[in-house]
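Tertiary structure, described
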2 protein chains.
Amino acid sequence: MTSEELYGSILKKRSFLCVGLDTDIEKIPQHMLSYEDPVFEFNRAIIDATAKFTVCYKPNLAFYEAESSRGWKSLAKTVKYIKDKYPDIMIIADAKRGDIGNTSDMYAKAFFSMMGVDAVTLSPYMGRDTVEPFLNYEGKWAVLLALTSNTSSEDFETLRLEDGRYLFEEIIEKSAQWGTIDNLMYVVGATKAEMLEDIRKIIPNHFLLVPGVGAQGGSLREVAKYGLNDRCGLIVNSSRAIIYASDGLDFAKVAGEKAKEIQQEMSELLG
Amino acid sequence: MTSEELYGSILKKRSFLCVGLDTDIEKIPQHMLSYEDPVFEFNRAIIDATAKFTVCYKPNLAFYEAESSRGWKSLAKTVKYIKDKYPDIMIIADAKRGDIGNTSDMYAKAFFSMMGVDAVTLSPYMGRDTVEPFLNYEGKWAVLLALTSNTSSEDFETLRLEDGRYLFEEIIEKSAQWGTIDNLMYVVGATKAEMLEDIRKIIPNHFLLVPGVGAQGGSLREVAKYGLNDRCGLIVNSSRAIIYASDGLDFAKVAGEKAKEIQQEMSELLG
């Protein structure tokens with residue numbers, strides 16, 4: 001998927017919403033547990049209820065790995081379901097991988113060739129080696145952690161370098177040279193919305209993946225104010241606030257309503 | 001496993017070798033492919049041939065994920081095999097995970113509760129949140145990336161902070177306060193052996209996991225010179241140089257000989 005195609009999808013749906021599939025078997029409605037693959041069945045219901053309002057799904061790998069090989073199967077089925085039924089929706093594997101060259105090749109193979117997702121989140125700490133193998137796949141994306149939404153992001157991400165800039169600024173500036181606006185995106189937490197203004201000075205044209213709206217307290221309006229560019233340039237993720245909006249029989253319906261609510265706010269913000 | 005137990009194992013075997021199980025289905029001997037689970041059968045043969053000479057196995061997750069849920073099964077079987085047959089050998093899942101609190105909980109569950117390994121490598125970029133859930137498991141370890149062996153480690157790890165120190169030094173210093181020498185270890189690449197001297201000033205007593213000896217060109221003697229402390233304090237990993245030492249029918253035997261060779265050098269270095 002190119003950035004132009006992603007922007008096309010945003011315009012068509014009047015939405016830049018990403019639904020995070022952080023599917024925890026201990027949090028899904030009780031009645032789902034009678035299915036052979038409750039995680040997949042939950043995801044399928046959520047996907048069918050929200051697909052009209054979203055341009056992206058983001059399964060978080062941790063939740064699937066916590067169920068071991070069974071979880072990987074649920075994830076593979078979920079990805080295939082989205083690709084078959086909603087081929088215009090981007091799938092980001094939120095995996096935060098990052099390793100040296102020959103190992104990074106294997107991760108890229110795991111996610112792009114085997115699983116078939118469009119994008120993978122990566123940790124930048126080990127440098128270019130960790131990112132490059134992902135950039136060699138036509139139409140696929142690396143999504144680099146820059147400034148995250150957790151409180152301990154201040155431990156290292158916002159350290160000052162000797163020239164006075166923040167570490168995350170140097171990471172964005174250097175890594176932006178490794179790829180293009182068609183294969184490189186950055187994670188910037190919604191809880192740091194005012195920082196988006198400075199980040200937009202470094203990368204005016206890249207897409208940003210913004211988590212932290214909803215359960216983590218970030219404001220969509222603030223994010224849009226500082227982060228929108230002339231081709232939207234934002235994908236805003238919401239996970240728990242949508243997928244666990246109800247834990248009853250109506251969970252999918254309520255998730256759909258919640259996604260629609262956010263989509264309508266986004267439609268206004270897109271102007 | 002405590003650091004005292006790990007040191008006991010090192011003294012008993014006169015070895016601080018870790019064998020990296022970076023098992024690539026495209027690199028294992030052809031004749032293994034007729035097995036139902038070639039990756040597990042390869043690992044089993046390598047483990048039985050090298051267990052006498054090693055205190056640690058380190059499967060690299062990327063190689064298993066590249067085979068999707070099937071790879072996770074091979075990995076789970078491998079971990080179970082080591083735990084059942086060689087319970088005194090430490091198992092480090094080289095996963096380089098790192099995510100915010102509630103997600104990090106799930107990763108810790110995946111590796112410690114479900115898979116049952118002793119340790120997991122983690123990327124420090126997102127700060128304390130990403131590490132803490134792993135420190136809450138009795139007898140388990142977080143192994144933090146500090147200074148890695150790849151060339152692009154210079155992109156960010158060795159950036160100078162405003163006080164003149166390297167980023168990786170600040171990461172070591174700050175994170176060392178989050179855990180103890182019994183649940184926190186650091187990755188320091190063998191290709192940066194001379195840096196070990198400065199690192200030992202910050203953390204004289206922590207164990208260091210040192211990759212990069214062998215295929216990546218690091219010298220064991222240099223690593224020992226700068227990194228050994230009074231309870232050894234080192235685990236040195238070798239992957240490809242051992243497990244792919246031969247691609248014939250004799251692959252396990254040759255891997256065992258190679259491991260023995262390194263163990264004998266280590267025995268001398270332990271004095």
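Residues numbered from 1 in each chain as written. Chains lettered and ligands numbered in written order. Predicted model: local features only at pLDDT ≥ 70, side-chain atom pairs only at ≥ 80, totals over all residues. Heavy atoms only, no water.

Considerations on the overall build of chain A
Check the secondary structure of chain A and you find 12 helices and 8 strands. What you see for chain A is a C-alpha radius of gyration of 18 Å, in line with the 18 Å of a compact globule of 271 residues. With respect to the principal axes defined by its C-alpha atoms, chain A has extents near 60 × 45 × 35 Å. Out of the 271 residues in chain A, the part that is buried amounts to 66%. Look at the contacts in chain A between residues 6 or more apart in sequence, and 73% of them connect residues 24 or more apart. In the structure as shown, chain A presents an accessible area of about 9600 Å², 48% of it carried by carbon and sulfur atoms. In chain A, the 31 positive side-chain charges and the 40 negative ones have mean positions that sit 5 Å from each other. (Helix = DSSP H or I, 4+ residues; strand = E, 2+ residues; numbered from the N terminus. Rg over C-alpha atoms; globule rule 2.2 N^0.38 Å. Buried < 20%, exposed > 50% of the residue type's maximum accessible area, 1.4 Å probe, protein only. Contact = heavy atoms within 4.5 Å. Areas by Shrake-Rupley, 256 points an atom, 1.4 Å probe, with all protein chains shown as cover. Lys, Arg positive; Asp, Glu negative; His and termini not counted. Charge placed at Lys NZ, Arg CZ, Asp CG, Glu CD.)

Concerning the side chain of K140 of chain B
All names here are of chain B. Mapped onto the elements of the fold, K140 is located in the loop between helix 6 (128-135) and strand 5 (141-147). For the buried K140, no salt bridge is present, and the opposite-charge side chain at shortest range is D118, 4.5 Å distant. Within the structure, the side chain of K140 is placed 2.9 Å from the backbone oxygen of V117, a separation counted as a polar contact. When sequence neighbours within four positions are dropped, the list of residues in contact with K140 reads F112, G116, V117, D118, D182 and N183. (Salt bridge = Lys/Arg side-chain N within 4 Å of Asp/Glu carboxyl O. Polar contact = N/O pair within 3.5 Å; in protein donor to acceptor, adjacent residues only side chain to side chain.)

Remarks on helix 4 (residues 68-85) of chain A
Counted at 1.5 Å a residue, the expected span for helix 4 of chain A with its 18 residues is 26 Å, and the 26 Å between its end C-alpha atoms agrees. Listed in full, the buried residues belonging to helix 4 of chain A are S68, S69, G71, W72, S74, L75, T78, V79, Y81 and I82 of chain A. (Expected span 1.5 Å × (residues − 1).)

Topic: the relation of the copies chain A and chain B
Superposition of the two copies of the chain requires a rotation about an axis together with a shift along that axis. Rotating chain A by 180 degrees and translating it 0.0 Å along the rotation axis places it on chain B, where the RMSD comes to 0.0 Å. Within this description, the copies of the chain are treated as partners about a two-fold rotation axis. Taken together, the interface assignments show that 100% of the residues at the interface of chain A recur at the interface of chain B, consistent with an identical surface on both copies. (Least-squares fit on C-alpha atoms with pLDDT ≥ 70 in both.)

Structural notes on the side chain of T121 of chain A
All names here are of chain A. Within the secondary structure, T121 sits in strand 4 (residues 119-122). Look at T121 and you get buried, because its relative accessible area is 1%. A distance of 2.9 Å separates a polar atom in the side chain of T121 from the backbone nitrogen of K96. Not counting chain neighbours up to four residues away, the residues in contact with T121 comprise I92, A93, D94, A95, K96, R97, V143, V187 and L209.

Describing the pattern of salt bridges
If you walk through the whole model with that rule in mind, you get 46 salt bridges over all chains. Among the salt bridges present, the one from E41 of chain A reaches R44 of chain A, with a minimum N-O distance of 2.9 Å. Of the two residues, E41 of chain A and R44 of chain A are both situated in helix 2 (residues 38-50); the distance of 3 residues between them amounts to about one turn of the helix. We note a salt bridge from R165 of chain B to E170 of chain B, for which the minimum N-O separation is 2.5 Å. What you see here is one network of salt bridges that share partners, running through D163, R165, E170, E173 and K174 of chain A.

So, the nonpolar core
Ranked by internal contacts, the top residues of the largest apolar core, which has 213 residues, are F111 of chain A together with F111 of chain B. Ignoring anything within four residues of it in the chain, the contact list for F111 of chain B reads E65 of chain A together with L61, W72, A93, A95, R97, G116, V117 and V120 of chain B. (Core = buried A, V, L, I, M, F, W, Y, C linked by side-chain atoms within 4.5 Å.)

So, the interface of chain A and chain B
Across the boundary between the two partners, chain A contributes 57 residues, which contact 57 residues of chain B. Counting the surface lost from both chain A and chain B, the interface buries some 5200 Å², and carbon and sulfur atoms represent 59% of this. For the pair chain A and chain B, the interface holds 8 salt bridges. Two residues, K109 of chain A and E26 of chain B, come together in a salt bridge whose shortest N-O distance is 3.8 Å. For the pair chain A and chain B, the number of links is 25 residue pairs in polar contact (both at pLDDT 80 or more). When contributions to the side of chain A that touches chain B are tallied by element, the ones reaching two or more residues are helix 3 (61-65), helix 4, strand 3 (90-97), helix 5 (101-115), helix 6 (128-135), strand 5 (141-147), helix 7 (153-156) and helix 8 (167-175) of chain A. If you tally residues by element for the side of chain A that touches chain B, the top one is helix 5 of chain A, at 8 residues. Grouping the amino acids of the side of chain A that touches chain B by side-chain chemistry returns 24 nonpolar, 14 polar and 19 charged. (Buried area = accessible area lost by both parts, 1.4 Å probe. Nonpolar A, V, L, I, M, F, W, Y, C, P; charged D, E, K, R; others polar.)

A word on the pairing of strand 4 (residues 119-122) of chain B
All names here are of chain B. The alternating pattern of strand 4 places A119 and T121 and V120 and L122 on opposite faces, both of which are buried. Strand direction decides the pairing type here: strand 3 (residues 90-97) and strand 4, joined by 3 bridges, are parallel. Following the sheet pairing, I92 is matched in strand 4 by A119. In terms of handedness, the path from strand 3 via helix 5 (residues 101-115) over to strand 4 forms a crossover that is right-handed. (Pairing = 2+ DSSP bridges. Right-handed = clockwise from strand over helix to strand, strands pointing away.)

Describing the sheet that holds strand 2 (residues 56-59) of chain A
Residue and element names in this part refer to chain A. Strand order in the closed barrel formed by 8 strands is 1-2-3-4-5-6-7-8, and the pairing between neighbours is parallel. Strand-to-strand twist in this sheet, taken as the mean axis angle between neighbours without regard to direction, amounts to 30 degrees. Pairing analysis gives 2 bridges linking strand 6 (residues 184-188) to strand 7 (residues 208-210), with the strands arranged parallel. Within the sheet, the bridge partner assigned to V187 lies in strand 7 and is L209. Across the sheet, helix 10 (residues 220-227) is in contact with strand 7 and strand 8 (234-238); its angle to strand 8 comes to roughly 165 degrees. (Axes fitted to C-alpha atoms, helices over the stretch in contact; angles between N-to-C directions.)

Re the packing of helix 5 of chain A against helix 6 of chain A
Between two packed helices, the angle of one axis relative to the other and the distance separating the axes together describe the packing. Residue and element names in this part refer to chain A. Where helix 5 meets helix 6, the axes come as close as 8 Å, and the angle between the chain directions of the two elements is 35 degrees. Two packed elements cross with a definite hand, and for helix 5 against helix 6 that hand is right-handed. Touching G101, S104, D105, Y107, A108 and F112 of helix 5 are D129, T130, P133 and F134, all from helix 6. (Left-handed = near helix turned anticlockwise from the far one by under 90°.)

Describing the confidence of the model for chain A
Across chain A, the average pLDDT comes to 95, with 99% of residues at or above 70. Across the interfaces of the predicted complex, the ipTM metric reaches 0.96, alongside a pTM of 0.97. (pLDDT = per-residue confidence, 0-100.)

Some words on the state of the cysteines
Residues and elements named next belong to chain A. Scanning all chains against the criterion turns up 0 disulfides over all chains. C56 takes part in no disulfide bond, and the closest cysteine sulfur, belonging to C18, lies 3.3 Å away. In this structure C56 comes out as buried when scored by relative accessible area, which is 0%. The cysteine C232 is free of any disulfide, with C56 supplying the nearest cysteine sulfur at 12 Å. (Disulfide = S-S within 2.5 Å.)

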